[in-house]
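Notes for the structure review
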Amino acid sequence: MKNSYIKDITFYVPEKILTNDDLSKMMDTSDEWIKTRTGIEKRHTTGDTNMGPADLAVEASNKLLEKIGMDKSQIDFVVFATSTPDYYVPGSGALFQEKMGLENIGVLDIRQGCSGFTYALSVADKFIKTETYKNILVIGAEVQTTQLDYDDEGRGTAVLFGDGAAACLLTGTDEKKGILSAHLHSDGKYIN
């Protein structure tokens with residue numbers, strides 16, 4: 001059985017910045033309040049560009065492929081994790097596939113919130129270990145800032161989130177390296 005390992009990983013964030021001072025003009029908060037509770041000073045945002053998670057993922061993926069010197073035709077499968085899809089249907093994975101020009105490969109969307117990228121890696125790991133696919137592009141992309149409540153009611157979450165994407169290539173090896181195992185757990189009773 002093959003082992004799977006992360007060959008490389010990159011990220012992309014939009015250029016526009018939303019600072020804590022910007023947020024203090026929209027809600028009852030301050031730079032000090034946010035920093036002491038979260039450590040966050042600024043976050044990246046798509047702003048009014050109409051960029052979605054698939055667009056951010058394309059930027060991160062192109063950066064990754066260039067970094068490792070790999071042609072996109074060598075990608076066998078995509079696992080795309082987001083809790084903020086471009087559309088409800090089809091998922092962002094299909095939109096990403098079209099924007100990247102990846103023809104005739106499967107895509108799988110994972111909507112598991114904050115742990116989505118971990119779930120995506122676990123799924124991709126199993127496909128590599130069973131030798132179903134050789135090179136899997138694993139994406140985590142979010143556009144949170146367009147969905148947040150920027151007033152006093154929403155300050156508990158609006159100060160936390162920004163927009164961005166990460167892309168990694170998971171591939172197989174016969175060497176004793178890589179992902180040893182993955183164990184996923186969830187407990188829905190804490191939703192409320």
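Residues numbered from 1 in each chain as written. Predicted model: local features only at pLDDT ≥ 70, side-chain atom pairs only at ≥ 80, totals over all residues. Heavy atoms only, no water.

**Digging into helix H3 (residues 53–68)**
A turn of α-helix holds 3.6 residues, and therefore any two residues three or four places apart point the same way. Across its 16 residues, H3 extends 22 Å between first and last C-alpha, which sits within 8% of the 22 Å expected from 1.5 Å per residue. Buried positions along H3 lie against strand S1 (3–12), strand S4 (77–81), helix H4 (92–100), strand S6 (135–143) and strand S7 (163–173). One or two residues past the end of H3 sits Gly69, with phi positive at roughly 65°. (Helix = DSSP H or I, 4+ residues; strand = E, 2+ residues; numbered from the N terminus. Expected span 1.5 Å × (residues − 1). Contact = heavy atoms within 4.5 Å.)

**A word on the pairing of S6**
The buried fraction of S6 amounts to nine of the nine residues, a majority that puts the element mostly inside the structure. Residues of S6 alternate between two faces, with Asn135, Leu137, Ile139, Ala141 and Val143 on one and Ile136, Val138, Gly140 and Glu142 on the opposite face, all of them buried. In terms of strand pairing, S4 meets S6 through five bridges, oriented parallel. Across the sheet, Phe77 pairs through a bridge with Ile136, a residue of S6. As judged from the nine bridges shared by S6 and S7, these two strands associate in the antiparallel manner. Each bridged residue has a counterpart across the sheet, and for Gly140 the counterpart in S7 is Ala166. (Buried < 20%, exposed > 50% of the residue type's maximum accessible area, 1.4 Å probe, protein only. Pairing = 2+ DSSP bridges.)

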